[in-house]
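A look at the structure
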Amino acid sequence: MSDKKRILSGMRPTGPLHMGNYLGALANWVNMQAQYDCYFFVADWHALTSDYENPGPMAEYVRQILIDWLSAGLSPDQSTIFIQSKVPEHTELYLIFSMITPVPWLERNPTYKDQIVQLQNKDLSTFGFLGYPVLQAADILMYKAQGVPVGVDQVPHVEITREIARRFNYLYGPVFPEPEAILTETPKILGLDRRKMSKSYGNAIYLADTPDEIEKKVMQMVTDPQRARKSDPGNPDVCNVFEFHKLYTDKATVEQIDKECRRATIGCVECKKIMAASLIEAMAPLHEKRHYYESHPEIVDQIMTEGSAKAHQVAIETMAQVKETLKMNY
Ligand code: SF4
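Here's what I pulled together on the structure shown here. (Residues numbered from 1 in each chain as written. Predicted model: local features only at pLDDT ≥ 70, side-chain atom pairs only at ≥ 80, totals over all residues. Heavy atoms only, no water.)

**Structural notes on the layout of surface pockets**
By volume, the second largest pocket is sized at about 180 Å³. Around the second largest pocket, the lining residues are Pro76, Asp77, Gln78, Ser79, Thr80, Ile81, Gln302, Ile303, Glu306, Gly307 and Lys310. Elements represented by at least two residues in the lining of the second largest pocket include exactly β3 (79–83) and α14 (297–325). Take the lining of the second largest pocket: its biggest share by element is 5 residues, from α14. (1 Å grid on protein atoms, 1.4 Å probe; cavity = no way out; pocket = protein on both sides within 12 Å on 5 of 7 lines; lining within 4 Å. Points joined across faces, edges and corners; volume = space filled by probe spheres on them. Helix = DSSP H or I, 4+ residues; strand = E, 2+ residues; numbered from the N terminus.)

Put into structure tokens, the structure is as follows:
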């Protein structure tokens, strides 16, 4: 095992990744690779918890998410990149953990309650949906991860994992570390319409968007809602275009736009054109890598196979230890 602290995180393959996914998680993962022993997995079984009625596009989504990751800078030389369902031990540990997890721990999970309200168009009154934090605990503890990079809203999931680890260790013997949530800073960018960026709202800029598509989308972005005409002074502090400028435009230009917007000497159309150009330039290396991986599907397959085999070895060792501790190693 590496001397570096081990961390694990995953994403559900439910469609192409957008800038919100990138800035909210993936960009941090890329930066963490030098510092941690990273395990990143495509959570295809988790995708089934909400999309169980239509698993058809999953194979394509799995491939697309891998291409998104690799284009953004995840490297198989630095990280173990794998597919959850290629390591069947996850289901075995999930089953064992489900035996010891009290149902009220799952029912009080705030994300569970939120999602039931938000995803009214789906029937989520399933055992799998209620139990997904148990599967997450199996994902994390299988690799004895010490840290899990998450946003604030996911801290309760890590807490359930810690509780399950504690309960297992108490009942049977010490096997699992209690992982800590590693809180990551994320910029507050919104979708084109100022709602949360989400593929279900149709307001997202995707990592796979071409420069033309990026430009068109940026030109549609809602800016400071109080600024109706160019002659009205604007407020960059409430403008989503400005949030992107802060990330992708050079500092001197950002300062100038800040002043000119407040004095009404720059219009939103001009401001958006500058932002679109900065964003397109920043995304160019990702587009180049995407083109490479799209034209070399065999390399993506190899990364997926080798990463999953490496993860599988760790899982076999953990399950041997679990079965020995349970005295079920017959
Ligand atoms: S000028 Fe730029 S920062 Fe100001 S409101 Fe328009 S788009 Fe936003």
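**Here's the deal with a nonpolar patch on the surface**
A cluster of nonpolar side chains, Tyr170, Leu171 and Tyr172, forms an exposed patch at the surface whose accessible area comes to about 360 Å². Within the fold, Leu171 resides in helix α9 (residues 155–172). (Patch = residues over 30% accessible without salt bridge, like charges linked within 9 Å, V, L, I, M, F, W, Y side chains within 5 Å. Areas by Shrake-Rupley, 256 points an atom, 1.4 Å probe, with all protein chains shown as cover. Salt bridge = Lys/Arg side-chain N within 4 Å of Asp/Glu carboxyl O.)

**Focus on the packing of helix α13 (residues 268–295) against α14**
In contact at an axis separation of 4 Å, α13 and α14 are set at 90 degrees when each is read in the N-to-C sense. By the angle between their axes, α13 is roughly perpendicular relative to α14. Counting all contacts with α13, which are made through Tyr292, Tyr293, Glu294 and Ser295, the residues of α14 involved are Pro297, Ile299, Val300 and Ile303. Looking at the contact of α13 with α14, its residues break down into 6 nonpolar, 1 polar and 1 charged. (Axes fitted to C-alpha atoms, helices over the stretch in contact; angles between N-to-C directions. Parallel < 35°, antiparallel > 145°, perpendicular 65-115°, else oblique. Contact = heavy atoms within 4.5 Å. Nonpolar A, V, L, I, M, F, W, Y, C, P; charged D, E, K, R; others polar.)

**Observations concerning unusual backbone geometry**
With phi around 50 degrees, Lys144 is a residue other than glycine that occupies positive phi space. Relative to the helices and strands, Lys144 is located in the loop between α8 (132–142) and β4 (147–150).

**Description of the environment of Tyr22**
With respect to the helices and strands, the residue Tyr22 is situated in helix α1 (residues 19–32). Judged by relative accessible area, Tyr22 falls into the buried class, the value being 13%. For Tyr22 and Phe127, which are 105 residues apart along the polypeptide, the C-alpha to C-alpha distance reads 30 Å. If near-sequence neighbours (up to four positions away) are discounted, Tyr22 is found in contact with Ala27, Ala72, Leu207, Tyr248 and Leu286. (Buried < 20%, exposed > 50% of the residue type's maximum accessible area, 1.4 Å probe, protein only.)

**Remarks on the side chain of Ser79**
Here Ser79 shows up in strand β3. Taking the relative accessible area as the measure of exposure, Ser79 reaches 4% and is therefore buried. At 2.8 Å, the side chain of Ser79 forms a polar contact with the side chain of Gln33. Dropping the residues within four chain positions of it, Ser79 is found in contact with Gln33, Cys38 and Phe40. (Polar contact = N/O pair within 3.5 Å; in protein donor to acceptor, adjacent residues only side chain to side chain.)

**Describing the site of the ligand**
Around the ligand sit Thr223, Asp224, Arg227, Cys239, Val241, Phe242, Cys261, Cys268 and Cys271, and those are all the residues in its vicinity. Under a 2 Å grid-point criterion requiring more than half of the atoms, the pocket assigned to the ligand is the largest cavity. Contributing elements (two or more residues each) for the shell around the ligand: α11 (240–248) and α13. Across the shell around the ligand, the residue classes tally to 6 nonpolar, 1 polar and 2 charged. (Near = heavy atom within 4 Å. Sits in = over half its atoms within 2 Å of the grid points.)

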